[in-house]
Amino acid sequence: MFAVHLLAFHFTKLKEDQIKKVDRYLYHMRLSDDTLLDVMTRFQAEMVKGLGRDTNPTATVKMLPSFVRSLPDGSEKGEFLAVDVGGSQFRAHQVKVFDDGKQSSQLESKFYPTPKEVIQGNRAELFDYVSDCLLDFMETKNLKHKKLPLGFTFSFPCKQTKLEEGVLLSWTKHFKVRGVQDTDVVSSLREALQKHKDIDVDVLALVNDTVGTMMTCGYDDQRCEVGLIIGTGTNACYMEEMRHIDLVEGDEGRMCINTEWGAFGDDGALDDLRTEFDRELDLGSLNPGKQLFEKMISSLHLGELVRLILLKMTKEGLLFNGKVSTALLTKGKIEMKHVSAMEKYKEGLSNTKEILTELNLFPSEEDCIAVQHVCTIVSFRSANLCAAALAAILTRLRENKKLLRMRTTVGIDGGLYKTHPQYAKRLHKVVRRLVPNCDVRFLLSVSGSGRGAAMVTAVAYRLAAQRKQIDATLAPFLLSLDTLREVKNKMRTELEYGLKRETQASATVKMLPTYVCGTPDGTEKGKFLALDLGGTNFRVLLVKIRSGRRRSVQMYNKIFAIPLEIMQGTGEELFDHIVQCIADFLEYMGIKGARLPLGFTFSFPCRQASIDKGTLVGWTKGFKATDCEGEDVVDMLREAIRRRNEFDLDIVAVVNDTVGTMMTCGYEDPNCEIGLIAGTGSNVCYMEDMKNIEIVEGNEGKMCINTEWGGFGDNGCIDNIRTKYDKEVDEGSLNPGKQRYEKMTSGMYLGEIVRQILIDLTRQGLLFRGQISESLRKRGIFETKFLSQIESDRLALLQVRRILQQLGLDSTCEDSIIVKEVCGAVSKRAAQLCGAGLAAIVEKKRENRGVEHLQITVGVDGTLYKLHPHFSRVLRETVKELAPQCDVTFMLSEDGSGKGAALITAVAKRLHNVGQK
């Protein structure tokens, strides 16, 4: 028993001594975690360099866009071909993808040798050989009669400008075909295929094997957004945010980037880590100075690295008694399969002895232990370096997503990873140590280059079909210039109907006289009260106006909520609530005893008989208070004040918020004669010549007309541009059949139009995995503020996803792009329609003045105009296009409904005083 222990001790001591000897000798190949974190930082910097337009030309890590923009979502289906060029064999594949709810696919393949004369011959020989192999495969599988899409896996660095095109940058591995570099390899394959008249194959996608690996695993696990190859060569790809890819136009969505990381260090960035053995190996390679990172990692080179180390150690007398065999002097005699065999857990030492004996080296037990440890250090360094670069990619993904912790999957393939006994375990362990805040699943790819190419082709097919459906859905929202001119002309016709006595009663655009007969001239002064009712909040304001050189407007206000039960209760309750709010404000300001002139902004359609009389035509914006329509709102307010019997007010003017907007801007710019509201509601007013207003007596001067253009189209005149979504929104509204133009242009309804489109796209299986969530079914959930946020140019898709998640909509990156596109189509149409209507008004103003060219200012208010990132620009562009003889300035109003009401009251008082004098 003692002898056994003694022997075991002796062997352990022997092993330790040999391991220490090798560790000392290969000290520079053993990399600490600090060194690996440094490599990770260096690689991150190289990635940024490769993505930048200005820095890419000098970057070693080329970060090539693959034009693969989407991962599989499980709905792919069809039959596809794939050919695979780049490994140790050519392969042809037939892939059937089933849409059976199980995400299943079927792969049939045939392998063909890669003759040296082909892979080191010329361009025609290579591509003729590939097409001959494909023809043979199609004959074998009885596919010659079918027209099939083909994915072409080409595992070399290519610069792509689209999915089905790729210019070879350089050969790697053992390929050296003449006349291919700097040419499009897809064109070369197509030329070769065209020689075979009896087959019809459409090359749809050029795919790198790394991208194929990611796509194959992405079909099985939708979290997979990284592809990794560790075999004859090494490379990685991942899904990058489009906004970071300077080399490709557009900021929306993501695209797979083929890093081509094998060239990392070609600029000397890894010189401090490269050993004399790495340098010697590089000098003896087919491409000295190139692919230096790959030469430290891939299976094509690790066996040779081991041979060079053993040779030097033997020459220095550290192995095999200093005796060098001819085999050890011969390049390529130790391959990766030998390294893997020597590192096997149990039989490793006996394998080592056998391999070394075959090399005529006659090893001792000590030699076998030392050689096994050399293999371990070389392969472990490979796994470490690979882990550091992969950790850089995972960190970038996590930072792109702005996550503290990320769950993701890495699709992985390659002979070294799959066949080496320890490699996978080592790689996983180091990656998890370097990026502890990433929960990484490593998923082994099954035929990534074949099935993956078919998947890329299948996804391209799916996206093309989806694009057609999305375009068809949104087509009715794209309005041509001719259509917009037609809308402008119809609006002009409706404006005239509203002004004429005999047609006014049946007109949809009511053209209501406001009895505001002037704009501010700067002499207005005094204290005024203003009330503002037009939405869910109600405001009371005290406005102090000073004239002369120290002309100014000071405002004090208080906001009061209007509960839903009051909005939809009785008229008496509504006006009692308003008076209660006024009483609170007067007490708060300490002015309860003063009888101040008051302007009442009442932002609903009113028919006025004078400036202080307004009969409500009909409620809009969700108000439904009873016993108000057909009544004079000023009388209702006076009666409510009388009922309370606490204070008295001089109600001078009932004002529409649109008129208030015009007056506020008119105070700053005398050229302002139009007011526009583009917010919760939509409306326009303008100063019309009295001679054109048949429903009011008198021909002298001007009067402001409140168009109430929201009703435009209620007679069916714009039914040709109303979509089924507009009709659904109208039917579900509080006032079906009314305010049709407003329902296509105002903030209150745009979000609801978007919601209806999203439901339809989801039913078509184009959004949210075809699942209509409970929240999406809720009317009103998609508020217009979300359109403004989603369409913001500054907002990354990640933030769009967060907004959708707040709404209970679990979206993918692709979903977010589609939602953003839908929002854009709806808001752009709204701005264009609004612009077409406004063009009709400014053209009318030009004709009224009888001028060739009109200069005019439009006062504008409303959250849609102010807050939406594109609405105001599209509106302005449309007006310019449709009314080219009008130079229109848009001026943002400051509190048209409050300050404007006070100014109208002040102007009315001024004109009244002038009249009395």
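The structure we're discussing is the one just above.
Residues numbered from 1 in each chain as written. Predicted model: local features only at pLDDT ≥ 70, side-chain atom pairs only at ≥ 80, totals over all residues. Heavy atoms only, no water.

## Remarks on the overall build of the chain
No. 1: Summing up its helical and strand segments, the chain has 31 helices and 26 strands in all.
No. 2: For the chain, whose C-alpha radius of gyration is 39 Å, the value lies well above the compact-globule estimate of 29 Å for 917 residues.
No. 3: Considering only C-alpha atoms, the chain reaches an extent of 125 × 70 × 50 Å along its principal axes.
No. 4: The buried share of the chain, reckoned over its 917 residues, is 59%.
No. 5: Summarising the internal contacts of the chain: among those between residues at least 6 apart in sequence, 71% fall at separations of at least 24.
No. 6: Of the roughly 37,800 Å² of accessible surface on the chain, 50% is carried by carbon and sulfur atoms.
No. 7: One way to put it: in the chain the 124 positive side-chain charges average out to a point 3 Å from where the 123 negative ones average out. (Helix = DSSP H or I, 4+ residues; strand = E, 2+ residues; numbered from the N terminus. Rg over C-alpha atoms; globule rule 2.2 N^0.38 Å. Buried < 20%, exposed > 50% of the residue type's maximum accessible area, 1.4 Å probe, protein only. Contact = heavy atoms within 4.5 Å. Areas by Shrake-Rupley, 256 points an atom, 1.4 Å probe, with all protein chains shown as cover. Lys, Arg positive; Asp, Glu negative; His and termini not counted. Charge placed at Lys NZ, Arg CZ, Asp CG, Glu CD.)

## Examining the pattern of salt bridges
No. 1: Summed over all chains, the structure comprises 65 salt bridges.
No. 2: In this structure, the salt-bridge partner of Asp-439 is Arg-405, at a minimum N-O distance of 3.0 Å. Of this pair, Asp-439 sits in strand E13 (residues 438-444) while Arg-405 sits in the loop between helix H13 (365-400) and strand E12 (406-413); the two residues are 34 residues apart in sequence, bridging distant segments of the chain.
No. 3: Given a relative accessible area of 48%, Arg-405 falls into the partly exposed group.
No. 4: Note that Glu-752 is salt-bridged to Arg-779, the shortest N-O span being 3.1 Å. In this pair, Glu-752 is assigned in helix H25 (residues 747-763) and Arg-779 in the loop between H25 and helix H26 (784-790), connecting sequence segments 27 residues apart.
No. 5: Owing to a relative accessible area of 7%, Glu-752 belongs among the buried residues under this scheme.
No. 6: A single salt-bridge network, built from bridges that share partners, covers Arg-492, Glu-496, Lys-500, Glu-688, Lys-844 and Glu-847. (Salt bridge = Lys/Arg side-chain N within 4 Å of Asp/Glu carboxyl O.)

## Looking at the pairing of strand E7 (residues 165-168)
No. 1: In E7, alternate side chains face the same way, and those of Gly-166 and Leu-168 are buried while those of Glu-165 and Val-167 on the opposite face are not.
No. 2: As paired elements, strand E6 (residues 158-162) and E7 share 3 bridges and run antiparallel to each other. Within E7, the position partnered with Lys-159 by the bridge is Val-167.
No. 3: The hairpin formed by E6 and E7 contains 2 residues between the paired strands. (Pairing = 2+ DSSP bridges.)

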